[in-house]
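A closer look at the structure
Below, each chain spelled out in residue letters.
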Amino acid sequence: MKSYLEIKVPISFDEYWFRELRDLLDGVDIRWQRGYYHITMAFLDFAPDGVNMVPGLDEILNDAMAPTITFDTLDAFASGAHRQVIHLTTSNAPDDFLELVEDVRRYFKSKGCVIQSDFRLHVTLGRVQDSRMNVRKLKDIISQVDLPTFTMELTELEYRIFRGKTLGQWKLMY
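Here's what I pulled together on the structure shown here. Bear in mind that the values here come from a model prediction, so they are computed numbers and not experimental data.

If you tally the helices and strands in the chain, you get 4 helices and 10 strands. Put simply, the chain runs from its N terminus to its C terminus through helices and strands in the order β-α-β-β-α-β-β-β-α-β-α-β-β-β. Seen through its principal axes, the chain has C-alpha atoms that stretch 45 × 35 × 25 Å. Split by element, the accessible area of the chain, about 9300 Å² in all, is 45% carbon and sulfur. Put simply, the chain has 21 plus and 26 minus side-chain charges, and the middle of one group is 8 Å from the middle of the other.

What follows is the structure, given as structure tokens:
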């Protein structure tokens, strides 16, 4: 079973900088994320059947403090041939958040889960599927957006089956 742990990022599709980004990329084939913004802390390509991950996540997350993240960067990365991901990120990831991510990933691996991708702190805004676009062109366009620096305390987490139901939810203290 594929599953993932995410921490929700409460931004809006209607933020002025997000509208500016979409306007600059008008005419490019992009599947924009409409709500449900998050940072994937761990994507499990495989989790063993019959292993309940929630009790161990409870132990890790019940005492965790909500991370405070300052978002200050719009960027893009390649995700296969003629595919790119436009995302929001930070130039200074908090150490306590990165440690929490590593604790969670270690836990999953100790339970026999397979995690093929490295952690990349990003909030997906859109997926480009346009053969006319490459990462360099995309970054040039994105750099024109006037992104304000903003700080958020991230408190809500969900462990979900990929394209399926929620298996666990947590609210972190701050």
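This next bit is on the nonpolar core. In this structure, F71 and F108 are the most contacted members of the largest nonpolar core, which totals 55 residues. The element contributing the most residues to this core is helix α3 (residues 95-110), with 6 residues. Apart from the residues within four sequence positions on either side, F108 is in contact with L5, A42, L44, M53, L57, C113, I115 and Y159.

To continue, consider the sheet that holds strand β2 (residues 30-32). Reading across from one edge, β2-β7-β6-β5 is the order of the 4 strands in this open sheet, with antiparallel pairing throughout. If you trace the sheet from one side to the other, it starts and ends with β2 and β5 (73-78), each paired once. Strand-to-strand twist in this sheet, taken as the mean axis angle between neighbours without regard to direction, amounts to 25 degrees. Judged from the 3 bridges that link them, β2 and strand β7 (residues 123-128) form a sheet pairing that is antiparallel. Each bridged residue has a counterpart across the sheet, and for I30 the counterpart in β7 is V128. Where helix α4 (residues 135-142) meets the sheet, its contacts fall on β5, β6 (84-89) and β7, and the angle it forms with β5 comes to roughly 170 degrees.

In this section: the environment of C113. Mapped onto the elements, C113 comes out in the loop between α3 and β7. For C113, a relative accessible area of 7% corresponds to the buried category.

For strand β1 (residues 3-8), a buried count of 5 out of 6 residues is recorded, marking the element as mostly surrounded by other parts of the structure. Pairing geometry for β1 and strand β3 (residues 38-44), over 6 bridges, is antiparallel. Residue L5 lies in a different strand from β3, and its bridge partner there is A42. Pairing of β1 with strand β9 (residues 156-161) involves 5 bridges; the strand directions are antiparallel. Looking at the pairing, S3 lines up with I161 of β9.

Conventions adopted
Residue positions are given per chain, counting from 1 as you read along its sequence in written order. Owing to the predicted nature of the model, reporting of local features is limited to residues with pLDDT of at least 70; listing and counting of side-chain atom pairs is limited to 80 or more, with chain, interface and lining totals taken over all residues. Computation of side-chain values: all heavy atoms of the structure, hydrogens and water removed. Numbering of helices and strands runs from the N terminus, with a helix taken as a DSSP run of H or I at least four residues long and a strand as a DSSP run of E at least two residues long. Surface accessibility in these figures is a Shrake-Rupley result with a 1.4 Å probe; residues are shielded only by whichever protein chains are displayed. When charges are counted, neither His nor the chain ends are considered; positive counts come from Lys and Arg and negative counts from Asp and Glu. Lysine's charge is taken at NZ, arginine's at CZ, aspartate's at CG and glutamate's at CD. Here, the term nonpolar core denotes a set of buried Ala, Val, Leu, Ile, Met, Phe, Trp, Tyr and Cys residues that are joined through side-chain atoms within 4.5 Å. Each residue is placed in one exposure class: buried if its accessible area under a 1.4 Å probe, protein chains only, is under 20% of its type's maximum, exposed if it is over 50%, and partly exposed if it falls in between. Residues count as neighbours in contact if any of their non-hydrogen atoms are within 4.5 Å of one another. Any two strands with at least two DSSP bridges between them are considered paired. Working convention: axes come from line fits to C-alpha atoms, limited for helices to the stretch in contact. Angles between N-to-C directions cover 0 to 180 degrees.

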